[in-house]
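Close look at the chain arrangement
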Amino acid sequence: MAQPATARIQPKKQTLEDAYSPPANFLEIDVLDPETHGVAKKRYTDYEVRIRTNLPVFKVKESSVRRRYSDFEWLRTELERDSKIVVPPLPGKAFKRQLPFRGDDGIFEDEFIEERRKGLEVFVNKVAGHPLAQNEKCLHMFLQEPVIDKNYVPGKIRTT
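Just so it is clear, the structure is predicted and the values come from calculations on it, not from any experiment.

1. Things to note about helix 3 (residues 110-128)
- The end-to-end C-alpha separation of helix 3 is 27 Å, in line with the 27 Å expected for 19 residues at 1.5 Å each.
- Here helix 3 has its buried residues at F112, I113, R116, R117, L120, F123, V124, V127 and A128. In an axial view of helix 3, the angular spread of the buried residues amounts to 135°, which keeps them on one side of the axis. Within helix 3, the exposed residues directed more than 90 degrees away from the buried face are E111 and K126.
- Tucked inside the fold, the buried residues of helix 3 contact strand 1 (27-37), strand 2 (44-53), helix 2 (69-82) and helix 4 (137-144).

Laid out in structure tokens, this is it:
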């Protein structure tokens, strides 16, 4: 016989409304629609970074921006310098793919771009899912500002 102090709390039965209503807190980030721009040495690929959330720390609940690999590198560097979190690695730089006289398109091959897109999506979701990173100005700027101000003053987002 269980003592009153150690008796199990009976779980509340889930209703259909509970099961199919929006989650209490959600943060969805997709990295999609890679586009390659320019020619020769001026060629680069950027990606759409789309966010949907109801977290109070984000003032804009839905946004979409375009970001290059170098922008992801910038975000990682900023978080490593200013936050107390362990920042996950980015997908590799692919130096061999950038060598001249290759028989393929190197870093502009569709297969490589898709692999990198997947890696960037995993990276940004891990970072943005961390409660401490969610308060960093650099993350908000990366996810929601059309242009990243690299001269910004690092700091925390205030929710009031």
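2. Here's the deal with unusual backbone geometry
- Positive phi, normally seen in glycine, also occurs at D33, with a value near 50°.
- On the secondary structure map, D33 appears in strand 1.

3. Re the sheet that holds strand 3 (residues 62-68)
- The strand order across the open sheet formed by three strands is 1-2-3, and the pairing between neighbours is antiparallel. Looking along the sheet, the strands with just one partner apiece sit at the ends: strand 1 and strand 3. On average, adjacent strands in this sheet sit at an angle of 20° to one another, irrespective of strand direction.
- Against the sheet, helix 4 engages strand 1, strand 2 and strand 3, with an angle of about 90° to strand 3.

Calculation rules
Residues numbered from 1 in each chain as written. Predicted model: local features only at pLDDT ≥ 70, side-chain atom pairs only at ≥ 80, totals over all residues. Heavy atoms only, no water. Helix = DSSP H or I, 4+ residues; strand = E, 2+ residues; numbered from the N terminus. Expected span 1.5 Å × (residues − 1). Buried < 20%, exposed > 50% of the residue type's maximum accessible area, 1.4 Å probe, protein only. Arc of directions from axis to C-beta. Contact = heavy atoms within 4.5 Å. Pairing = 2+ DSSP bridges. Axes fitted to C-alpha atoms, helices over the stretch in contact; angles between N-to-C directions.

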